[in-house]
Structure formats: structure tokens, C-alpha cells
Amino acid sequence: MLARVAETLYWTARDLERAENLARLLEASQSAALEGDASNGAGGRLVWEPLVQVAGDMKSFLLTHRRADERSVPWFVTFGRDNPDSIAACLNRSRENARSVRDRLPTEVWEGINDAWLELVDWPPARITRDGVYPFCRTIRRSSYLVLGLVEQSMRRDEGWQFMRLGRFLERAERSARLVQGRYAARSDAAGLDDVDPGTWRAMLGDATAHEAYLQVDAAALSPESLSRFLMLDPRYPRSVAFCLGEVENAIEDLVAMDAMPPNPAPMVLARTARDMVETAARKPWGGPEVGDLLERLLARCTSIDAALAESCFIASYERAPAGQRAQASRQAQN
Amino acid sequence: MPRLHAKHRTEIRYAGPAGESVNEIRLTPSDNGRQRVEWSHVRVEPAAELLSHTDAFGNAVSWFQLVGAHELLVVESEAIVVTTPAPRPPASEGGDLSELDDPQYIDRWAEFLTPSAHVRWGGPVAELGDALELNEDEGALAWVRGLEAEVNRAIVYTTGATRVDTPIEDVVRAGVGVCQDMAHLMIALCRRRGMAARYISGWLHLPGIDRPGESHAWVEAAVPGLGWIELDPTHPEPAGEDYVRLAVGRDYTDVPPLRGSYIGPVTEGMDVVVYVRELPA
Amino acid sequence: MTFGERGIPLPLFTDYEVDGFFDEMFEGPDQPRETYRRLYSGLSRLRPSTFAARSALVDRAYLTQGITFDHGGREQPFPFDLLPRLIPADEWTHLDAGLAQRVRALDRFVADFYGPRRAVADGVVPNGLVSTCEGYLRAMVGVEPPLGRFVHVAGIDLVRDDDGVWRVLEDNLRCPSGLSYVVQNRAFMRRAFPEAFGDHHVEPVGHAPFLLLSALMSAAPEGRESPRVVVLTPGPANAAYYEHAFLAQQMGVPLVEGRDLAVRDRRVYLRTTAGRERVDVIYRRIDDGFLDPASLRSDSLLGLSGLMQACRDGNVAVCNAMGTGVADDKAVYAYVPDIIRYFLEEEPILEQVPTYLLGRDEDRAYVLANMERLVVKAVDGAGGYGLLIGPHATPGERQAFAKRVRENPRGYIAQETVRLSRAPVLVGERFRARHVDLRPFVVYGERPVVVPGGLTRVALRDGSLVVNSSQGGGSKDTWVLSA
């Protein structure tokens, strides 16, 4: 498959996943901030700062905002102009990319992505201030699930589909890992490990569904350790880092089997070692500073996989369409 | 018949790593009636294989590609050329201006009679042409030599006032330019009158002056009865043995010393140094 | 009794006027030509509203499938008229032979011009004319494409005058467009009007993409076992992008943009996720100058640096080769009959439209004296612009044009106004006569093959002679009937 098309599909899926994750986490943070420890003035540290860490970069956030609170962070995450990974920015990019490879996507999938983007038009930032964050996040999540469903139902499992799968799950792995990293650090600084605030767990799990899934596995122990273990290592929960990295590895293997990637490519080696790290961690007792260590190594590994893909697979095809290309292309005479 | 040793070095600096660079060099002199090339060599840095071909105007072209990242590109051409003075026929030789109307002349030299990228003769160029008082009664050669002198008078040689892409109309309006501009103007006024004219790029030896040498542009006009005669509106003296021809075309666009394309940051700077000296016989 | 044989009127054709033009379908009022009698009688079995309803269905199908042409920034379906245009077998034999001959000669001419230039030396075409063509690409001088072939796909525009004589109006040898419509129109016809096919033996056109692919593969440099072909498009912003994508998909080859390709060691490669793959043939839909920013237009964002040298080294075939514009220049058109005689030593089979070269004194004098009867056209890029249809222009417009001609005679040619033939086109629930032309496609692999029929283009406005898609024309399916 053309390197450019593969890269474009990869990013279409990745940006869409990023937008959905952020919408979900924003929604969860919003409810977490209303209860328990967080509502007593500790919201900034317990809820909003960690969200900034997951969604972007604390340093660049602090360049334009004085502190992380219930006003600045939602803005930053949804439409923040200073945030290249805001929900709006991600949807924009995803749609632009999808449009450029429109003839490689089933019509319905393209239309679904286009509709998701069109939702943004109905949501001027002022409306979020007025109506709050929930309706917006819910809309974004629903549109993105629709696209996901269309992809699952109507796309042939060819190279294009595999690259989208790769992008989606690599993004999800990274996002989950960062989530644990942010929350875990926040939690262990504060009150003792036995004192667990239900509100903050919910924020850590991201949403009610995750909470329910967790309860199926381990209802008794509600601790940062067990929660983080669940999010990192559960082999069945589709948002766990282990699950996602497994999908990444499978996608790469399938691509190699389709001759869409050269045998034993660098990304595959990296994905396998990531899996090894996870499996090793699963066999040992969980907790303490090793968790932080593992998180850092896994996050680094995710970045490396992305870089290896860019170099070997997408053959770093320089910039996207340089400015002016559309105008020039439209003027070509077809006599 | 001097033996001239010329060296032309172009250095291009990029504001960061550049790559995927593909280029064409037109800096290799060829043998013709007025010069014989004893030896010539082109090299580039970073090193690259040079592929040679001859273009539509008979110019020697070297093509090369640099894939990998580099921040500096050096192109160097060196040659030893034996030159002879151009013939200087008396004004009475050659034909009449009326012979420019000969359909065979027009058909043969059509591409040097029509406007080209840098050469147009509307507006200010036409006005300048009308204002010049050139003698049409003493033959085509006298006419074009007169034009040569007039262009020299009309434009003050000034470096830095114009750029490679400065339109000819601006040159005329401002009255300043360099050899490229003066050559284009002379070509425009020749073509306007119906005389075929073309652009020559080359090296100029400056004997006795304490300067290394020069990249230069001058003109060739098809004078009825005599063929292509070299003229230089920048120094209206016979294009003699101090001139080494590199390439010829309709105008500058056909003969850039270096053209190409690359992917990367802007060009920070470009330096060209030309050095021409006479060797012992 | 054969329905519709003699003056039995059909409601669909109420008030249809032949009006002194050559009508493709009718000899006289309600009198279809022999070729069209079965079609006419078939129509008699349909209610007018049925025909209109089927037309509407086809329009919607075009829109849903996104088969559009970018018309001034808006995507619109290319209007399609459901009544086919018929060409009987014997007429087609003549056209087929004439088109193949013409394309063969033009290819030889281009190859000769970038090579030994014998035609110019022998006075067949004046040097002055060809060397000042906008399509003259100097970088191609001395470059020999594989097998010496320059032209691989041609669209030759034909018209019929009011005596019913077929004439070549214009050659298109650079990026001729419309082949996808030929194939798609036929597919839609089958669905919308199946009963008509039962009454006729129609030469198929569905294999046209295969013919194109064969021609492209045979253009590959020698020694390449299974040549890799790609379609090079300027991208989705181009008006004809739909066609580029369609043809690539039908031929089963990748659709690529300039940035998907790379030159290494003067060979062309495709950037794929599995590494670089060699490319042997490029079916390019990008204008000459934009193909190589290193050697040609340095401002091009669409091409591939190094392509020119890869061509020079014979490592890739560009189809159509760069530089073919010298042969489809409107001024060179006047010399094509002589070109055919010189290169093929045959008499031209197809007639042309009598053409005057305004660079020639006698021609110019005649044209300036008769502008109200003639069509004056700018020769691309020789500084001319526009089109004057003498009989339709005001005296003011003619004067303004005459001034331009006097200032730049090389920039213009003039032709007698051809009273283009007309064909019935559905307007509302009735047929009305509209002017049509025909663009057959010639695919030239080892030998020229003409796709049966071609694109019949329709000027949708009453009285208009302008048929091309960018200015609001439409099309019809064209049926070549087997003997």
C-alpha cells in the first residue's frame, strides 16, 4: 500500500481515538470534581492537573493559563487554541486526512467522520460555557463510536483497515498509560494509600463502564494499586494497555503476512518487547515504584513504535500537501 | 590567443538539513569557432555522480542528485580554454535591415524573434525603443552596433539594484541594472525590430584589473549576411578573447548556471566566486 | 409493418425541429434515418413520462456515486442524456481507419520533431511554427522514449457538418479526458434502457480500461518482465480526479501523486509500506511543465524531481510522453494532412475543417475581411486568448478581436464555421435538437486501437455550439452498431 495512504489512514484513526478518549476523560473528570476530596478545593491537584498531563503538556498549559481548574482545563481540552491536541484540533485533522484518502474509505465511514467533524460546527465554544461539558462530550463520543462501528462493519480487513487498527490501539495504549501515570502519582502524594476517594477512582477509570468492568474482575479491592493493575494489565478489557499493545502487535503481524510491511520490521520488534514487559509485570506482585518505572518504559516504547513506523513504513514522506498544491492541482488542464 | 584558466565556485548554505536535491549545471564551455577547450571539470560537494547531456540549444548540461541530508552545497566548474578574438567585420559588410523581412529568416530564427520569459517589448520597453535614434540606413550591422551603444547609455550598471527575477519593464523604468538586465533589454529591442537575438552566459576575463574575473551575460544577434555576431551592451567593445562562452538560449531562463529543486529549509545564502586568469602560452 | 417508418409522429418528438441542420436521427420531420428506425419504434412503446423518469434516475445515480465534474468550484454530475447516439458499422469503419491513421502520423511527427527533424528540413511544417509552439518542451530534444513512441492515448474531436461529412475539429494528445464517461455512460444505459440493447447489436466499450492498460504496458522500457504501471494524478483538487481514480481502479493499478514517487539512480520508485517498488510506466494526468520541478517548472508542487533524467536514461515510460503538445497545437493542425502524407505516404482518410493561419498574409487578409462568418481561435499560449464565433458575435466584439489578431497574428487561427450536426436531447418531457460533437479515444499500444464510439458531447443550451464539460455541456452514450 502507498506509504502516504497508510500514514494518512493511521493518523485518521489515531486522531479520532484521541478525540474520543479526551472527551471521555473530560466527562469523567467533570463528575469527579463535583464530589469527595476534589470538591473541597483539591480539585485542581486531584482532577484537573492530571487531566492536563494526559491531554497535553503541563508546561505549555501553564504558558497560557495560571492554574488548572474547572474553567481553564475544559477549555484547554475541548477548543484550546494553544493545544494542538484539543478535541477540536484532533477532529479537524482526522477529517482532513480522511478526506484526502476518501476513495480508500467506504462512503459511510467517510460520511461518519465528516459528520463527527460537522458536530464541532454546532458547538461554538460559548455553548459549552452555557450548557456545560457533558452534552458536548457525549456528542463527540457518540459520533466517534458510530464511525468505529461503521469501520468494524463495512471495511474489508485489508492493509488500510490494519493501519487504522494500528493507529487506534497505539493511541489508546498510550493514553491509558498516561492516565495511570497521572492519577497514580497524584494519588500517592496525597493521603495514605488506604484512604481511597471513590470520586477519584471514577476519574481514573475514565467512565462508568470501566468501573463496571473492573468490578467484575475484582470487586473487593478498591485501591490505586488494583485499579492501576487493571488498567495496565487486564488482558480482556479493551482499554487496558496490555490489550491494546496486543492489538498493535497483531496488526503488525497481519500486515507482514499481507506483505504490506517487510518481514521482521522494527515496529514489530518493539511491540513484542513491550508485550514482554507487560507479561513480566503481570507475573510479579504489583505496586510500588516499579509501576512508575514500567509506565515510563512503556510510554517510551509507544513513542518508539510510532517513530519506527514513520521511518520504515511511512518513509517519512515529508510534509503533508504543501501549501498551494491544491490550487496548482486544480489548474491542471485536462484537455 | 590567450589560454584562460577559469574557476567558478558556487556555495549554497541552507538554514538546516536539506535533502532530495536534484540539479542541473550549465557551466561547461564547449568548443566553437572562437574557443577551444583544453580541459574542463565539474565537481560537487557532497560528492555525486554527474550525468552529462546536451540541451536543445547545444549547451553542455550536468545533472546530479543528492538524496541525503546536507547543509552546504558546493558546485565548482573549472576549465582551461584557448580563446580567439571575435571577428570584427566593418559596418559596411552584412546586409540591409530590409532583409529581416525575408520569410526564410523569420522562419529559421522564429524562436529568437518571439517574446520569451524575460524578454518582452510592450509599455516602457517600446517607449524606450521609440526614443532611441538609431541609424537604419547603413545596414543591419551598424544598426545593431548602434543599439549596443544606446543600451549601454540607457542603463547605468548598478549591482544590487535588480534581482534575477526583476521584470524588464522595471529595469527600463529605473534605468539601472546589471549585465543580465542589459542583455535582456538589448535582445528585446533587437527582436522588436525583427532581428533575431539570443542570450549568452559565460565568463569574462578582466586583464590588468585587480579583480578575479566575472560571470557575465552578453548578446548574439543574427545579422543578415554575417550570421551570429556577438555584442556586449555592458562593455560595448568587441566580444574578444576575454570572453569564454558557457551557454546560449532565448534568455536567462534557458541558461541558469545552476537550477534544481530540493526539500528542506530556505536557502540562507548563496556565494558565487569566479576567477579567470591567463596562463603562460 | 415497421412502426415509425414513415411519418408516424411520437409524442416525445412533438415540435421537434430539424431546422436545416444535419440531424443525427432524423432525415425530416418524424422521419428517422434508417440507422435509427428501430430505436424510434422502440421509443414508441414508452410513455414520455417513463423516459423522463428513467432519465431522472440516471441523474441521481450519477450524483450518488459521486461521478461529477468540478464545474467552477461546485461538484456537479456531468449531465447525461439517455437517448444514445448511433453510428452504423460502415461509417465507423471509415472513422476507425481515419483515426488510427491520424494518430500514427502524429506520433511519428512528434518523434521526428524531438529527434532528426526531417519533416522540418523537408519543408513539410515550417520550423517557425513548431519551434514557437507552447507545447514545445525543449527538455525533450534528443530524448527518446521507449520504443520511440510518444503518443499512447489520444482524444480526437470530430464534428459533422450540414452535409453529414465527418471532420476532425481538434486533436488532444496531452491529457485527453472523458474515457471514464464512455465506460460509465454505457453502464448506466444498460440499467436504464435495457430494452434498447435487445433491438441492436452494439459494440462493447467496457473493455476500454483494459485496452488502455495493455497499451501502457506495451510502452514499458524493454526488458521489463511485468511492467508496473501507475496513474499519476495532480490530486483530488483537480476537476477530473474522479476519472483518474476510476481508470486506476478499473486497470487495477495504483493511483499516485508526485510525492508518492521517488527517483533513485535515475529510476522511478513507488513509496510503499513494504519498501520501494520500481515503476516502469507512468500514465500521467499532469501538464508537461509540472512533471519535474528540478528540470522544468521549479514552482511545481505536483511532480517528481529527477523524472526528466529517468526518461533520458530510458528507465521509465511517461504516457503520453512529455512534449506531445507540438502536435495538438491549433496552428499545426493545418499541416496535419501533409504530415500524414509525409510520414505514412497515404492520403488522409479524414477530412478537416478548412483552416486559415493568420501568420500567413493571404490568410490573414481573408479572415479580417470575413470575420462575421468565421470562428477565430487562440492558439494556446502564443499570447492569444479567447474564441470568437463570428456569426454569434457583435460587431464590437469582432472589432476587438481583429485588433488582437493584428497585434499577434501567430497567436490565432481561423476556421469556417461548421454547422454542427444536432441530435435529440430530452428537455423536460420532449426531445429538442441540440448540437453535438464526438470524441473518440484512440489507444496506441503496439498499434492504434479506437474505442468504439467515444464520448458524444452535447451543447445543452439551445443554439449553443459549446460542448465541453467545463462550460456546462453534457454527454450521450455512443453506439457503434455491428454490421
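Residues numbered from 1 in each chain as written. Chains lettered and ligands numbered in written order. Predicted model: local features only at pLDDT ≥ 70, side-chain atom pairs only at ≥ 80, totals over all residues.

A. Quick look at the interface of chain C and chain B. Counting residues at the interface gives 17 residues for chain C and 20 residues for chain B. At 3 residues, helix H5 (residues 127-131) of chain C tops the list of elements feeding residues into the side of chain C that touches chain B. Looking at the side of chain C that touches chain B residue by residue, the classes come out as 5 nonpolar, 10 polar and 2 charged. (Contact = placed C-beta atoms within 7 Å. Helix = DSSP H or I, 4+ residues; strand = E, 2+ residues; numbered from the N terminus. Nonpolar A, V, L, I, M, F, W, Y, C, P; charged D, E, K, R; others polar.)

B. Region of the structure containing the packing of helix H14 (residues 266-283) of chain A against helix H15 (residues 289-313) of chain A. All names here are of chain A. Interhelical geometry of H14 versus H15 gives an angle of 165° and a closest axis separation of 8 Å. When the axes of H14 and H15 are compared, the pair comes out roughly antiparallel. The crossing of H14 and H15 is left-handed. Residues Ala 266, Pro 267, Leu 270, Ala 271, Thr 273, Ala 274, Met 277 and Ala 281 of H14 lie in contact with H15, whose contacting residues are Leu 294, Arg 297, Leu 298, Arg 301, Ser 304, Ile 305, Ala 308, Leu 309 and Ser 312. (Axes fitted to C-alpha atoms, helices over the stretch in contact; angles between N-to-C directions. Parallel < 35°, antiparallel > 145°, perpendicular 65-115°, else oblique. Left-handed = near helix turned anticlockwise from the far one by under 90°.)

C. The arrangement of the packing of helix H3 (residues 89-113) of chain C against helix H11 (residues 336-344) of chain C in detail. All names here are of chain C. Where H3 contacts H11, the two axes come as close as 9 Å, and the packing angle between them is 80°. Classed by the angle they form, the pair H3 and H11 counts as roughly perpendicular. Touching Gln 101, Arg 102, Arg 104, Ala 105, Arg 108 and Phe 109 of H3 are Ile 339, Ile 340, Phe 343 and Leu 344, all from H11. When grouped by side-chain class, the residues that make up the contact of H3 with H11 number 6 nonpolar, 1 polar and 3 charged.

D. Spatial organisation of the interface of chain A and chain C. Listed by partner, the interface residues are 25 residues for chain A and 28 residues for chain C. If you list the elements that add at least two residues to the side of chain A that touches chain C, you get helix H1 (3-32) and helix H16 (325-330) of chain A. The greatest single-element share of the side of chain A that touches chain C, amounting to 5 residues, is contributed by H16 of chain A. Grouping the constituent residues of the side of chain A that touches chain C by class yields 12 nonpolar, 9 polar and 4 charged.

E. Just the sheet that holds strand S19 (residues 412-416) of chain C, in detail. Residue and element names in this part refer to chain C. If you trace the 4 strands from one edge of the open sheet to the other, you get S16-S19-S17-S18, paired in antiparallel fashion. Two strands lie at the open edges of the sheet, namely strand S16 (355-357) and strand S18 (387-389), each paired on one side alone. When the angles between neighbouring strand axes are averaged without regard to direction, this sheet yields 20°. Bridge count between S16 and S19: 3 bridges; the pairing is antiparallel. Residue pairing in the sheet places Thr 355 in a bridge with Gln 415 of S19. Across the sheet, helix H12 (residues 361-369) touches S16, strand S17 (374-378) and S19, and the angle it forms with S16 is around 115°. Together, S17, S18 and S19 form the strand contacts of helix H13 (residues 395-407), whose direction differs from that of S18 by roughly 135°. (Pairing = 2+ DSSP bridges.)

F. Summary view of the nonpolar core. Within the largest apolar cluster, 241 residues are counted, with the highest numbers of intra-cluster contacts made by Val 248 of chain A together with Val 332 of chain C. Examining the composition of this core, we find that 15 residues originate from one element, H1 of chain A, more than from any other. Apart from residues lying up to four places away in sequence, Val 248 of chain A is in contact with Leu 166, Phe 169, Leu 170, Ala 173, Ala 271 and Ile 305 of chain A. Formed by 71 residues, the second largest nonpolar core is a distinct cluster that contains Trp 218, Val 219, Tyr 252 and Val 276 of chain B. (Core = buried A, V, L, I, M, F, W, Y, C linked by C-beta atoms within 7 Å. Buried ≥ 20, exposed ≤ 12 C-beta atoms within 10 Å, placed from the backbone.)

G. Broad picture of the sheet that holds strand S8 (residues 197-204) of chain B. Residues and elements named next belong to chain B. One open sheet accounts for 4 strands, arranged S10-S9-S8-S11; its pairing is antiparallel. Unpaired on one side and paired on the other, strand S10 (227-231) and strand S11 (243-249) mark the two borders of the sheet. Between one strand axis and the next, the sheet turns by 35° as a mean value, whatever way the strands run. Across 6 bridges, the pairing between S8 and S11 is antiparallel. In the sheet register, Tyr 199 faces S11, and the bridge partner there is Gly 249. Of the strands in this sheet, S8 and strand S9 (214-223) are in contact with helix H5 (residues 179-193), which crosses S9 at around 10°.

Geometry only, nothing functional implied.
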